[in-house]
Amino acid sequence: IPGDRLETAVAIAKDAGLLQNPEDKAISSAQLNKMSDEEVKRMIPHIRVIARALPTDKSRMVRLCQEMNLVVGMTGDGVNDAPALKQADVGVAMGITGTEVSKDASSMILADDNFATIIKAVLNGRNVYRNIKNAIQFLLSGNMAAIIAVLVCSVAALPSPFKPVHLLFINLLTDSLPALAIGMEPSDPELLKQKPRKPEEGILTGKFVSHLFGYGALIAAATMAAFCMGLNRSDAMGATMAFATLTLARLFHGFTCRSERSLVDLKFSTNLWSIGAFAAGTLLLAAVLFLPGLQILFEVTPLSGIEYA
């Protein structure tokens, strides 16, 4: 949508590969202004060039595309681009050749004026969103496991499977480390192969919720199995075994929540933070279970080798 004359714009568009098919259209600002909004909307799938474009033409095109529920990205470097850059869903200004007005109106500035940088920005943005979503899934599914275990014990009139200090230990120490490691997950090029998500789509999708309850139920089942084994000896033994199982299960769960892809594909070495978080969490758990002073503080009972297994 340049201010150049039609012949110049068409020549550049052909070099850029924008005018390849017979149905591709190149029009001038004068032709555009003779058409109604509905006529323009019908032509939008085929319009490739609008020459001699005015600032109002650019803003109008952005508005019409948005009315068609399209997500609009606008690039520009001049003062005349500013209104459209501001109105677009994503305005992209040039960092080197762009005017200050266009930069202020944009949501993204290309510091190197290289459009290929947008690809890196999209990958980075998708990675940040994925890591936030995975960290939320890790925290909620782990807490879901504890809630299910406590709820089952309440309904079955069994003693509480956890002491308050156990839940504090899990939430403040062993949970925070894997969650931080998930946030450090590096960008995966496979993210660029995914279709863009719908702007109105929230985090709690059907797939996300099913994973949440599935993982929570699985960890809760392992925890309750350990609790029932220990309960045969004493309430304290059951609570200790439930606490140890839940803590270790959630540390392992940190690896599961790194990505939807298999760890065989991802490899452990691509995120050393997750290995460090698991090791640190395991050492903290071992200290609570084996050190006499911490055993008293955290109200745990010494276990035998078979019970640890």
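This report concerns the structure included in the present document.

Thresholds applied
Residues numbered from 1 in each chain as written. Predicted model: local features only at pLDDT ≥ 70, side-chain atom pairs only at ≥ 80, totals over all residues. Heavy atoms only, no water. Helix = DSSP H or I, 4+ residues; strand = E, 2+ residues; numbered from the N terminus. Buried < 20%, exposed > 50% of the residue type's maximum accessible area, 1.4 Å probe, protein only. Contact = heavy atoms within 4.5 Å. Areas by Shrake-Rupley, 256 points an atom, 1.4 Å probe, with all protein chains shown as cover. Lys, Arg positive; Asp, Glu negative; His and termini not counted. Charge placed at Lys NZ, Arg CZ, Asp CG, Glu CD. Arc of directions from axis to C-beta. Salt bridge = Lys/Arg side-chain N within 4 Å of Asp/Glu carboxyl O. Core = buried A, V, L, I, M, F, W, Y, C linked by side-chain atoms within 4.5 Å. Pairing = 2+ DSSP bridges. Axes fitted to C-alpha atoms, helices over the stretch in contact; angles between N-to-C directions. Patch = residues over 30% accessible without salt bridge, like charges linked within 9 Å, V, L, I, M, F, W, Y side chains within 5 Å.

It is worth spelling out the overall build of the protein chain at this point. When its secondary structure is counted, the protein chain shows 15 helices and 5 strands. Based on the C-alpha atoms only, the size of the protein chain along its principal axes is roughly 90 × 40 × 35 Å. Buried positions account for 39% of the 309 residues belonging to the protein chain. Partitioning the contacts of the protein chain with sequence separation of at least 6, the portion at a separation of at least 24 is 59%. Total accessible area computed for the protein chain in this model is approximately 16900 Å², and 65% of it derives from carbon and sulfur atoms. Averaging the positions of the 28 positive and the 28 negative side-chain charges in the protein chain gives two centres separated by 3 Å.

Restricting attention to buried positions, one finds in helix H8 (residues 164–174) the residues Val165, His166, Phe169, Ile170 and Thr174. For H8, the angular spread of the buried residues around the axis is 140 degrees, confining them to a single face. Exposed and facing more than 90 degrees away from the buried side of H8 are Pro164, Leu168 and Leu172. For H8, the elements touching its buried residues are helix H9 (176–183), helix H11 (235–256), helix H13 (272–290) and helix H14 (292–297).

Taken as a whole, this structure holds 15 salt bridges when the rule is applied. Between Arg250 and Asp175 there is a salt bridge; the shortest N-O distance is 2.2 Å. Of the two residues, Arg250 sits in helix H11 while Asp175 sits in the loop between H8 and H9, which places them 75 residues apart along the sequence. The pair formed by Arg250 and Asp175 is uniform in burial state, with each residue classed as buried. Among the salt bridges present, the one from Glu190 reaches Lys193, with a minimum N-O distance of 3.3 Å. Overall, Lys193 belongs to the exposed group, its relative accessible area being 66%. Beyond isolated ion pairs, a larger network of salt bridges with shared partners links Asp37, Glu38, Lys41, Arg60, Arg63 and Glu67.

This part covers the nonpolar core. Phe162, Phe169, Phe243, Leu246, Val288 and Phe298 are the most contacted members of the largest nonpolar core, which totals 22 residues. Going through the elements one at a time, helix H7 (116–155), H8, helix H10 (206–231), H11 and H13 are the ones with two or more residues in this core. The dominant element in this core, judged by the number of residues it contributes, is H11, at 5 residues. Residues contacting Val288, with those up to four places away along its chain left out, are Phe169, Phe243, Leu294, Gln295, Phe298 and Val300. Core analysis: the second largest hydrophobic core is formed by 19 residues, Ile44, Met61, Val72 and Met74 among them.

The next subject is the sheet that holds strand E3 (residues 73–76). Read across the open sheet, the 3 strands follow the order E3-E4-E5; overall the sheet is parallel. Pairing within the sheet leaves two strands with one partner each, and these edge strands are E3 and strand E5 (108–110). The sheet shows a mean angle of 25 degrees between the axes of neighbouring strands, taken without regard to direction. Pairing between strand E4 (residues 90–94) and E5: 3 bridges, direction parallel. From the neighbouring strand, Met94 faces E5, where its bridge partner is Leu110.

It is worth spelling out the side chain of His253 at this point. Position of His253 relative to the elements: it lies in helix H11. In this structure, His253 is in contact with Gln137, Phe138, Ser141, Tyr215 and Ile219, ignoring residues within four places of it in sequence.

Moving on to a nonpolar patch on the surface. On the surface, Leu168, Leu172, Leu173 and Leu284 cluster together into a nonpolar patch covering about 360 Å² of accessible area. Here the nonpolar patch takes 3 residues from H8, the largest share from any one element. Looking at the secondary structure, you find Leu168 in helix H8.

In this section: the environment of Leu272. Counting through the fold element by element, Leu272 comes out in helix H13. When its relative accessible area of 60% is taken as the criterion, Leu272 is described as exposed. As a C-alpha pair, Leu272 and Met184 span 88 residues in sequence and 9.2 Å in three-dimensional space.

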